[in-house]
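Here are the chains, one letter per residue:
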Amino acid sequence: MAKDSLSVKDNRTNQTYEIPIEHGTIKAMDLRGIKQDDNDFGLMSYDPAYKNTASTKSTITYIDGDRGILEYRGYPIGQLAEKSTFIEVAYLLLFGSLPTPGEYLTWSNEITYHTFLHENLKTLIQAFRYDAHPMGMFISSVSALSTFYPEARNVDDPVVRLHQIRRLIAKVPTIAAFSYRHNRGLPYVYPDNDLSYTGNFLNMMFKMSDAKYNPDPILERALDVLFILHADHEQNCSTSTMRNIGSAKADPYSALAGAAAALYGPLHGGANEAVLRMLSEINDLKNVPEYIDRVKAGEFRLMGFGHRVYKNFDPRAEIIKRVADQVFEVTRHNPLLDIALELERIALEDDYFVQRKLYPNVDFYSGLIYQALGLPVDMFPVLFAIGRTVGWLAQWQELLDDSEQAIARPRQIFLGEDRRDVPDKR
Ligand code: ACO
């Protein structure tokens, strides 16, 4: 029987160490005992960008990047996208199981009745320039919420914590919609409690003079599915940010604003925005081959392609492609879709992309759907943030309940100057 351990020989000292292996992992702290002498700090692992470091144990989301698997609490993403609502998935991610009908009713009521914002927050949004990026407004407004709910600092109290979780899930669509209306110079539309989570979001975005806004059920469902697909993705950049800030016991509004700021980056949630800008820049099918050549020459990256984890295919991209077809049946055809399909076709056959295992990711088609729903490009990362808010909160809650966690504090390899004295005269 092979032992679940790693035998390591330190050639500097000729000493051999036995390091236990658990869950296919060794504990980085076990390396610390490997020393040249008593004055040695001990061995560390060096892993910039955390490419091979597990920062936590988690029971929320499972990904097998090589096989293109994504599961929330054991349920395949494709089944959830087909059979569940976003609010149901939120419950699943936060509490570990799908809600019973009674639990679902209570949960969705709780979310529905927390969608309003304090009027002062509206004043804050109004203070932004007319052309402020909605993601900037979103981040600032979420962060400002912490000043409205000072009790949120009590992160160790599960009751207080749950209350902030409800508030955040309920209020992020309102903040997002107000940011959009601010950009357009339109009056803010208050939440309509008769509508679903996603239907109400569309109402706050698009209602004009009609007495009652009735969302198109296909478009409402499409957006709900997009929220489900974006709800969690284990330890990605923004979630790790949420956990990092949360590890200092900051309140969830501040932590979530930080996570949203990470999401704003073009290599992360900003990619769907970048995809649309890229497709507009290509502008015509005939320009696709030249664009691919420039990508291969290293001039820039093909946005919406590649993923740190998925090296086969992104299961979310397949679902999104199907949703896109349904949406385009309702809305008019988007010429950028033809460019996207041609880019995908060429890239999937081209050696450069095949060898590097670069496939369309979740952002490749989501932007086209958002555009078909009438949403401006600037809003894309905000929509991503609405869905991901649930994952950030589930991960934050898990972190706070995990006795193995402590304040996140990586080490460094110092390669700077040795100690030196400041000269007397300069
Ligand atoms: N276009 C062209 N080449 C690419 C792309 C791309 N989109 N992505 C990676 N490559 C190339 C790299 O140049 C590199 O080539 P090399 O080996 O010749 O140097 C190789 O593929 C590996 O790239 P890495 O940067 O090491 O891959 P990593 O796993 O670190 O990056 C990332 C993943 C950031 C997503 C990257 O693929 C990328 O920049 N994609 C475009 C942005 C994007 O779509 N982001 C959304 C990600 S999904 C999400 O956040 C929800």
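Reading the values: the criteria
Residues numbered from 1 in each chain as written. Predicted model: local features only at pLDDT ≥ 70, side-chain atom pairs only at ≥ 80, totals over all residues. Heavy atoms only, no water. Pairing = 2+ DSSP bridges. Helix = DSSP H or I, 4+ residues; strand = E, 2+ residues; numbered from the N terminus. Near = heavy atom within 4 Å. Polar contact = N/O pair within 3.5 Å; in protein donor to acceptor, adjacent residues only side chain to side chain. Areas by Shrake-Rupley, 256 points an atom, 1.4 Å probe, with all protein chains shown as cover. Nonpolar A, V, L, I, M, F, W, Y, C, P; charged D, E, K, R; others polar. 1 Å grid on protein atoms, 1.4 Å probe; cavity = no way out; pocket = protein on both sides within 12 Å on 5 of 7 lines; lining within 4 Å. Points joined across faces, edges and corners; volume = space filled by probe spheres on them. Contact = heavy atoms within 4.5 Å.

Student: When you look at the pairing of strand β4 (residues 69-72) in this model, what are you seeing that I'm missing?
Tutor: The side chains of a regular strand alternate, first on one face of the sheet and then on the other. Pairing of strand β3 (residues 61-64) with β4, which is carried by four bridges, proceeds in the antiparallel orientation. Across the sheet, Thr61 pairs through a bridge with Tyr72, a residue of β4. Hairpin geometry of β3 and β4 is characterised by an intervening segment of four residues between the two adjacent antiparallel strands and by a positive phi of about 65° at Gly68. Bridge analysis of β4 against strand β5 (residues 75-76) gives two bridges, and the strand direction is antiparallel. The residue bridging Tyr72 from the neighbouring strand is Tyr75, located in β5.

Student: I tried to follow the site of the ligand on my own but got confused; where do I start?
Tutor: Taken together, the neighbourhood of the ligand is formed by 20 residues, with Arg301, Leu302, Gly304, Phe305 and Arg308 sitting nearest. Side-chain polar atom of His268 to an oxygen atom of the ligand: 3.0 Å apart, as the coordinates give it. Between an oxygen atom of the ligand and a side-chain N or O atom of Arg308, the distance comes to 2.9 Å. If the ligand stood free it would expose 920 Å²; the protein chains cover 75% of that surface. Of the residues in the shell around the ligand, the class split is 10 nonpolar, five polar and five charged.

Student: Looking at this model, I keep getting lost on the pairing of strand β2 (residues 15-20). Mind explaining?
Tutor: By the bridge criterion, six bridges tie strand β1 (residues 5-10) to β2 in an arrangement that is antiparallel. Residue pairing in the sheet places Ser5 in a bridge with Pro20 of β2.

Student: Whenever I open this one, empty space enclosed by the protein confuses me. Can you help?
Tutor: Over the atoms rolls a probe the size of a water molecule, and its path tells where empty space is left. The final tally for this structure, using the stated rule, is two cavities of 30 Å³ or more. If you add up the space inside the largest cavity, you get close to 80 Å³. Lining the largest cavity are 13 residues, and of these Thr112, Thr115, Ser196, Tyr197 and Asn200 sit closest to its centre. Listing elements by their share of the lining of the largest cavity, those giving two or more residues are α7 (158-184) and α8 (197-206). Residues that form the lining of the largest cavity fall into these classes: six nonpolar, six polar and one charged. Empty space within the second largest cavity amounts to approximately 40 Å³. If you trace the second largest cavity, you find it lined by Gly306, His307, Tyr310, Asn312, Phe313, Asp314, Tyr359, Pro360 and Asn361. Across the lining of the second largest cavity, the residue classes break down as four nonpolar, four polar and one charged.

Student: What am I meant to see in the environment of Thr174 here?
Tutor: Its place among the elements puts Thr174 in helix α7. Measuring from C-alpha to C-alpha, the distance between Thr174 and Phe206 comes to 12 Å, with 32 residues separating the pair along the chain. If we skip the residues at most four places from it in the chain, Thr174 touches Thr115, Leu117, Pro191 and Met204.

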